[in-house]
Amino acid sequence: MFKALRYFLTISLFGLVWAQQPRPLVLWHGLGDSANAPGILRFVEEIKSVHPGIFVHSIYLEEDIDKDRQAGFYGNVNEQVQFVSEQLAAIPELEGGFDAIGFSQGGQFLRAYVERYNSPPVNNLITFGSQHMGVSDIPTCGPRDFMCQIARRAVKAGVYSSWAQEHLVTAQYFRDPANLEGYYSSNKFLTSINNEILESRNETYARNLASLNKLVLIMFTEDKTVVPKESSWFGSEVVVDDISLTDDHQRVLADTRIPVSMYEQPLYQEDWIGLRELDERGDVVFGVCESVHMDIEDCWEAFVREYAGGDL
Ligand SMILES: *[C@@H]1O[C@H](CO)[C@@H](O)[C@H](O)[C@H]1NC(C)=O
């Protein structure tokens with residue numbers, strides 16, 4: 001009798017734990033980090049303390065930690081996203097779908113995964129400080145970060161050369177408002193996932209993005225790295241040529257930049273990628289961290305609590 005009761009309790013407890021298995025989570029780190037960098041490992045542990053029992057996978061492009069970091073600077077993003085799609089499809093724990101968090105550039109790369117592959121499917125996509133409408137300037141580097149400095153110099157020198165567009169990661173989401181023609185004609189990553197080129201627009205991308213449960217876009221209010229920071233909310237800038245007068249009455253051509261919000265983008269208005277559909281359904285969440293780029297210390301937890309680790 002007692003034995004039977006104990007057996008019954010064990011089974012029900014098991015059933016309870018089983019039923020509350022949280023949805024797995026996939027993390028794509030940002031530029032300068034690697035899948036197993038100490039900061040990323042710490043973040044994974046913190047997620048696990050918020051959602052006990054959660055399975056977390058940190059995306060890597062190379063097994064070796066230094067090579068993985070390097071792959072954040074150098075490589076072909078389309079190939080990297082393809083590689084990641086194969087990596088995710090091979091992980092049995094992810095089979096039933098997962099939530100995903102992208103840090104900085106990892107956010108637009110995960111969006112590319114959703115639009116192009118999404119198998120297994122993403123439930124909530126949470127992006128922290130990502131460059132969804134690209135950057136109009138290259139992020140600055142730390143004073144001793146030579147790998148970053150070399151990459152930055154190379155990008156600025158010839159951002160729309162075919163070499164840069166195949167090999168330098170940041171070039172592949174550099175969207176220069178003063179040279180949109182150069183961007184449209186040479187860029188093969190951001191123009192693609194944003195469906196900006198009419199002839200190669202792909203409806204699958206829009207269908208897949210609109211299939212998300214929530215798209216959570218988090219902007220850092222003090223971000224000086226991502227220019228403009230509103231790119232995290234699908235904002236960008238346009239350049240208007242403006243004649244202005246200097247103090248000594250010389251006429252100069254000023255390069256004035258005017259912000260363009262998500263709602264003003266043709267991408268949104270004509271719904272090239274399913275963003276408007278998601279938004280009108282109430283499933284685009286605009287969040288902020290009141291800090292500099294990727295300083296998530298005081299803001300990550302609320303987002304992870306609300307949008308990750310739900311019941312599978
Ligand atoms: C559109 O994207 C899907 C998913 O990546 C792909 O399978 C398909 O071939 C693409 N269609 C065209 C016309 O390129």
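So, here's what we can say about the structure. (Residues numbered from 1 in each chain as written. Predicted model: local features only at pLDDT ≥ 70, side-chain atom pairs only at ≥ 80, totals over all residues. Heavy atoms only, no water.)

**Looking at the overall build of the protein chain**
Part 1 of the reasoning: Scanning the protein chain for helices and strands turns up 13 helices and 8 strands.
Part 2 of the reasoning: In terms of overall size, the protein chain behaves like a compact globule, its C-alpha atoms giving a radius of gyration of 21 Å where 312 residues would be expected to give roughly 20 Å.
Part 3 of the reasoning: Its C-alpha atoms give the protein chain principal-axis dimensions of roughly 100 × 45 × 35 Å.
Part 4 of the reasoning: Across the 312 residues in the protein chain, those meeting the buried criterion constitute 50%.
Part 5 of the reasoning: In the protein chain, once contacts between residues fewer than 6 apart in sequence are set aside, the share between residues at least 24 apart is 69%.
Part 6 of the reasoning: If you sum the accessible surface of the protein chain, you get close to 15600 Å²; carbon and sulfur atoms cover 54% of it.
Part 7 of the reasoning: Averaging the positions of the 25 positive and the 45 negative side-chain charges in the protein chain gives two centres separated by 3 Å. (Helix = DSSP H or I, 4+ residues; strand = E, 2+ residues; numbered from the N terminus. Rg over C-alpha atoms; globule rule 2.2 N^0.38 Å. Buried < 20%, exposed > 50% of the residue type's maximum accessible area, 1.4 Å probe, protein only. Contact = heavy atoms within 4.5 Å. Areas by Shrake-Rupley, 256 points an atom, 1.4 Å probe, with all protein chains shown as cover. Lys, Arg positive; Asp, Glu negative; His and termini not counted. Charge placed at Lys NZ, Arg CZ, Asp CG, Glu CD.)

**Some thoughts on the pairing of strand β1 (residues 25-28)**
Part 1 of the reasoning: Taking every second residue as pointing to the same face, both faces of β1 are buried, with L25 and L27 on one and V26 and W28 on the other.
Part 2 of the reasoning: Note that β1 and strand β2 (residues 56-58) share 3 bridges and pair parallel. Counterpart to L25 in the pairing with β2 is V56.
Part 3 of the reasoning: With respect to chirality, the unit in which β1 leads through helix α2 (residues 38-50) into the neighbouring parallel β2 is right-handed.
Part 4 of the reasoning: As defined by bridge partners, β1 adjoins strand β3 (residues 98-103) across 4 bridges and the pair is classed as parallel. Residue L25 lies in a different strand from β3, and its bridge partner there is D99. (Pairing = 2+ DSSP bridges. Right-handed = clockwise from strand over helix to strand, strands pointing away.)

**Some remarks on the site of the ligand**
Part 1 of the reasoning: Neighbouring residues of the ligand: R116, N202, T204 and Y205.
Part 2 of the reasoning: Interatomic distance of 2.9 Å between a backbone N/O atom of R116 and an oxygen atom of the ligand.
Part 3 of the reasoning: A distance of 2.3 Å separates an oxygen atom of the ligand from a polar side-chain atom of N202.
Part 4 of the reasoning: The protein chains hide 35% of the 360 Å² of surface that the ligand would expose on its own.
Part 5 of the reasoning: Its residues assigned to classes, the shell around the ligand shows 1 nonpolar, 2 polar and 1 charged. (Near = heavy atom within 4 Å. Polar contact = N/O pair within 3.5 Å; in protein donor to acceptor, adjacent residues only side chain to side chain. Nonpolar A, V, L, I, M, F, W, Y, C, P; charged D, E, K, R; others polar.)

**Quick word on the pattern of salt bridges**
Part 1 of the reasoning: Following the criterion strictly, the structure yields 9 salt bridges and no others.
Part 2 of the reasoning: Across the pair R69 and D145 runs a salt bridge, and its minimum N-O distance is 3.3 Å. On the criterion of sequence distance, the pair formed by R69 in helix α3 (residues 65-71) and D145 in the loop between β4 (122-128) and α6 (146-157) is long-range, its members being 76 residues apart.
Part 3 of the reasoning: If you follow the salt bridges from partner to partner, you end up with K214, R281 and D283 in one network. (Salt bridge = Lys/Arg side-chain N within 4 Å of Asp/Glu carboxyl O.)

**What about the packing of α2 against helix α13 (residues 300-307)?**
Part 1 of the reasoning: It is at 10 Å that the axes of α2 and α13 come closest, and there the two elements cross at 55°. When the interaxial angle is binned, α2 and α13 end up oblique. Our pair here, α2 against α13, has a crossing hand that is right-handed. Mapping the contact onto sequence places F43, E46, I47 and V50 in α2 and W300, E301, V304 and R305 in α13.
Part 2 of the reasoning: In terms of residue class, the contact of α2 with α13 is built from 5 nonpolar, no polar and 3 charged. (Axes fitted to C-alpha atoms, helices over the stretch in contact; angles between N-to-C directions. Parallel < 35°, antiparallel > 145°, perpendicular 65-115°, else oblique. Left-handed = near helix turned anticlockwise from the far one by under 90°.)

**Overview of the packing of aromatic side chains**
Part 1 of the reasoning: Per the counting criterion, the structure on display carries 14 aromatic pairs.
Part 2 of the reasoning: Measuring from centroid to centroid gives 5.4 Å for W28 and F109, while their planes differ by 65°, and the two rings are edge-to-face. Here W28 is found in strand β1, whereas its partner F109 is found in helix α5 (residues 105-116), with 81 residues between them in sequence. Like F109, W28 is buried.
Part 3 of the reasoning: Centroid distance F43 to W300: 5.5 Å. Interplanar angle 80°. Geometry classified as edge-to-face. Taken together, the positions of F43 in helix α2 and W300 in helix α13 put the pair 257 residues apart, joining distant regions of the chain. Side by side, F43 and W300 carry an identical accessibility label, which is buried.
Part 4 of the reasoning: Ring pairing ties together the aromatic residues F43, F103, F128, W300 and F303, which thus form one cluster.
Part 5 of the reasoning: Over the ring of W272 we find R201, and its NZ or CZ is 4.1 Å from the ring centre. (Phe/Tyr/Trp six-rings, centres within 6.5 Å; stacked < 30°, edge-to-face > 60°. Lys NZ or Arg CZ within 6 Å of the ring centre and 35° of its normal.)

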